[in-house]
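Each chain, written out:
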2 protein chains.
Amino acid sequence: MNPMKVGLLGLGVVGGGTWAVLARNAEEIARRAGRRIEVSRIAVRDVAKARSRVGDGVEISTDGFALVRDPAVDIVVELIGGDTLARELVLEAIAQGKHVVTANKALLAKHGNEIFAAASARGVMVAFEAAVAGGVPIIKAIREGLTANRIEWVAGIINGTTNFILSEMRARGLPFADVLAEAQRLGYAEADPTFDIEGVDAAHKLTLLASLAFGVPVQFDKAYVEGITQLAQEDIAHAERLGYRIKLLGITKRRVDGIELRVHPTLVPAERLLANVEGAMNAVLVRGDAVGPTLYYGQGAGEEPTASAVVADLVDVTRLHTADPGHRVPHLAFQPDALSDLQILSIEEVSTSYYLRMRVDDQPGVLADIARILADRSISIGSMIQQPARIGGADIIFLTHEAVEGNVNQAIEHIEALPFVRSKVTRLRMENLT
Amino acid sequence: MNPMKVGLLGLGVVGGGTWAVLARNAEEIARRAGRRIEVSRIAVRDVAKARSRVGDGVEISTDGFALVRDPAVDIVVELIGGDTLARELVLEAIAQGKHVVTANKALLAKHGNEIFAAASARGVMVAFEAAVAGGVPIIKAIREGLTANRIEWVAGIINGTTNFILSEMRARGLPFADVLAEAQRLGYAEADPTFDIEGVDAAHKLTLLASLAFGVPVQFDKAYVEGITQLAQEDIAHAERLGYRIKLLGITKRRVDGIELRVHPTLVPAERLLANVEGAMNAVLVRGDAVGPTLYYGQGAGEEPTASAVVADLVDVTRLHTADPGHRVPHLAFQPDALSDLQILSIEEVSTSYYLRMRVDDQPGVLADIARILADRSISIGSMIQQPARIGGADIIFLTHEAVEGNVNQAIEHIEALPFVRSKVTRLRMENLT
């Protein structure tokens, strides 16, 4: 049988990895896919550089549109990133009747609805396993492996850079800025790390996971996004003493009245597997009503781990493109005409438990006044610790039971107005994950 | 579109769970599959009992063959267990052109080659996600999610009963027999627990994982199988002090000269996620050359977790049965005409590191003589601890570097023949899992 012909848009880190894996494991991949999968054409900015990497025998040009319109290309792999040119190329590839594989979470988190609709109308597949958690087949797991379930929630460590930073902050007792600098030196963080450390990258991925889990359209603009730049080393240490680890989690939950969609630092009980995922690794915990909790773990970034997912998608397309397009695996797990209209809830409506830390004057009645403010807003206290601060006064930490965030915000405002409260209240969210 | 009609063979634990999940999540499943999936016919031994469970509206009989021959049935779900009648029914269903879903690992471990060949010839799908690790989509992960990779090894906790027993033995310091009795009381172990505690169930599953990972035919009879019945509580305690946990692992590795296929108690570094999988949970670690290590975790047994996998397979068949049968996802991950002829290695040829414990007289020269026996067989010692035994003499534990099992067996024979060695040598295998 003829080989499946692949056009590669971009030959950077992931593109280079895809080339390398397809070449090295060509025989084994063909034994799995039933035919060879070959890169026949590449579009890049620097042709000479690409030529030096892949040698002769592959057409290389700077013209991405010529590639997506080439009748000899069966599948277009988009690895150029960004959401302007990438969007145009992907839509043109679809219009040309090509299947598309992409690792571009930003593109899909913003333009996924448009892209998937175009693909469904044209009867082509858009595969994006590499967009979330690198080589871990988490999209396949949710979209195909857990289809029996009413999925209840998904909680994941889906950004390796921030997990590396948090792991180092805890293990070595260092502040955020120092560890970030080191992460940049080691290549775990980019020169401009904003997208990672502010939680935006995780929110892109979480947006896709929420759609796959609950059958809602992609709605990145409704996600609550809080990164780790404000996280103090002392809160990591307090959490540890209380039996918790702090992880940057993407969390999405289905409630009767809507869907929670949020990325933020989260206290997790230290004995959970998720709490023990260290360094740049990724892990996603998915809870279904039939299967219970399941967890998926592996390298969430890097040249070959990400290429592993890209190539798996190429094999998937090769195996499945002949299936009836109307009933083939839907892009977002649910049939396009059967999406849910459940709304994304605002962060004020989120319900979870909280870690609240504040510095107070060490005088009688302090605790009573704070406890009253919390009680008046239906926030019950699970536990409390108090310890003298080095420079006078005391630090109090409350761990609350489940409460509504809007109420917690009100309570914080009132607590901060108390005359004996010397600091802003540090507020972190907690998840039990059972 | 017409519903997909399912015939259920068996309505025991998993069959009942499948019925319940299909009913409860019918709407959500239809939104994913693009059409409804309905049980239209059931075959059981006790019709009245089944009728009381499922109500009217479903045809129930005792005749499995009538069910698999019913033209109105699209997919046959085999949940009766065993490998005699189940084999005949599955082969007849295939002959009738039906797709088959089964949770029967014993059947596939023994008759998988025959069954998959028949299915390929007839162009039907035989799906078996429920056969390994319950609701965890590990078969899908290896067969479809990691297709880019040359898989190097798979190591898994794939029997919940034994993991529960080992977890309790460690946590509570109790001997095997006591914990087994409790596990039976709690329903974690069957009245006749032989298949679980002797490692046979794990070996059935591992046999399937090896075929999926390496593209070799199913060869259960070549698997090395060692259970946990001989495992002493004191070795769990020693392992803990040395920084290890003991887990019953199914391990399969690809080497240049063949494939290792073995189930046995294994020392694993305590900091590995796999070492921290407790109770009746399952977890499988898969290492691919591109993706690195990936881990899949969840409930490996039970009514609804197993049903989760059965129903996911029903959705898969519904989505994919229209794809070209010659290129659709192959049953064992590799195209049937592209299987490998790599041989399964005997346990004597296995290469790993070892934990060796023995009781000796406390006299000079003991260590030198034992070390010499090991060195003569190219077994190098990674570490050693010695401690006085309560009833005189001393216990010595060696942790070796990687060595060939045949050499280790010879060394053990010579060590046991030494005049100052008072006990048999306890030999456990170790895996670093990186």
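Sequence order as written defines residue numbering, which begins from 1 separately in each chain. Chains carry letters from A onward and ligands carry numbers from 1 onward, assigned in written order. Per-residue local features are limited, in this predicted model, to residues with pLDDT of at least 70; the limit for side-chain atom pairs, both in listing and counting, is 80 or more; totals at the level of whole chains, interfaces and linings are taken over all residues. No hydrogens and no water enter the side-chain calculation; it runs on all heavy atoms of the structure.

K.L.:
Requested: an account of the domain arrangement of chain A, with residues and values cited.
P.N.:
All names here are of chain A. Start and end points for every domain follow an automatic or database-based domain assignment. Each assigned domain of chain A is listed here: domain 1 (2–134 + 301–325), domain 2 (137–297) and domain 3 (348–428). Here the C-alpha centre of domain 3 lies 25 Å away from the C-alpha centre of domain 2. Each partner contributes residues to the interface: domain 2 has 14 residues there, and domain 3 has 13 residues. Accessible area, probed at 1.4 Å, shrinks when two parts are joined; the buried area is that loss added up over both. Both sides together, the interface formed by domain 2 and domain 3 hides about 1200 Å², and carbon and sulfur atoms give 58% of it. Area buried by domain 2 at its contact with domain 3 is led by Asp235, His238 and Leu242, which between them contribute 39% of it. A pair is scored as a salt bridge if a Lys or Arg side-chain nitrogen falls within 4 Å of a carboxyl oxygen belonging to Asp or Glu. Linking domain 2 to domain 3 there are two salt bridges. Working rule for contacts: check all heavy atoms of both residues, and any pair within 4.5 Å makes them a contact.

K.L.:
Account for empty space enclosed by the protein, with residues named and values stated.
P.N.:
Any empty space left between atoms is shown by rolling a water-sized probe over those atoms. Residue and element names in this part refer to chain B. Of the two site types, the cavity is a set of points on a 1 Å grid over the protein atoms alone where a 1.4 Å probe fits but cannot get out, and the pocket is an open set with protein on both sides within 12 Å along at least five of seven lines, each lined by residues with an atom within 4 Å of a point. Grid points are joined across faces, edges and corners, and a volume is the space filled by probe spheres set on the points. Summed over all chains, the structure comprises five cavities of 30 Å³ or more. Estimates place the volume of the largest cavity at around 100 Å³. Contributing elements (two or more residues each) for the lining of the largest cavity: strand 6 (126–127), helix 7 (138–145) and helix 13 (303–320). Residue classes in the lining of the largest cavity are distributed as six nonpolar, one polar and three charged. Here a helix means four or more residues in a row that DSSP labels H or I, a strand means two or more in a row labelled E, and each is numbered from the N terminus. Following the grouping adopted for this structure description, the nonpolar residues are Ala, Val, Leu, Ile, Met, Phe, Trp, Tyr, Cys and Pro, the charged ones are Asp, Glu, Lys and Arg, and the polar ones are all others, Gly among them.

K.L.:
Describe the pattern of salt bridges, listing the residues and the values that go with them.
P.N.:
Applying the stated rule across the entire model yields 82 salt bridges over all chains. When salt bridges that share partners are traced, they join Lys140, Arg143, Glu144 and Asp316 of chain A together with Lys140, Arg143, Glu144 and Asp316 of chain B into one network.

K.L.:
Explain the layout of surface pockets to me, and be specific about the residues and the numbers.
P.N.:
Residues and elements named next belong to chain B. Counted as a void, the second largest pocket has a volume near 1300 Å³. Around the second largest pocket sit 41 residues that line it, and Val14, Lys105, Glu190, Ala301 and Gly302 are the ones nearest its centre. Within the residue set of the lining of the second largest pocket, elements represented by two or more residues are helix 1 (13–24), helix 6 (105–122), helix 8 (160–172), helix 10 (194–197), helix 11 (200–214) and helix 13. Here the residues of the lining of the second largest pocket sort into 17 nonpolar, 16 polar and eight charged. Looking at which domains feed residues into the lining of the second largest pocket, each of domain 1 (2–134 + 301–325) and domain 2 (137–297) supplies at least three.

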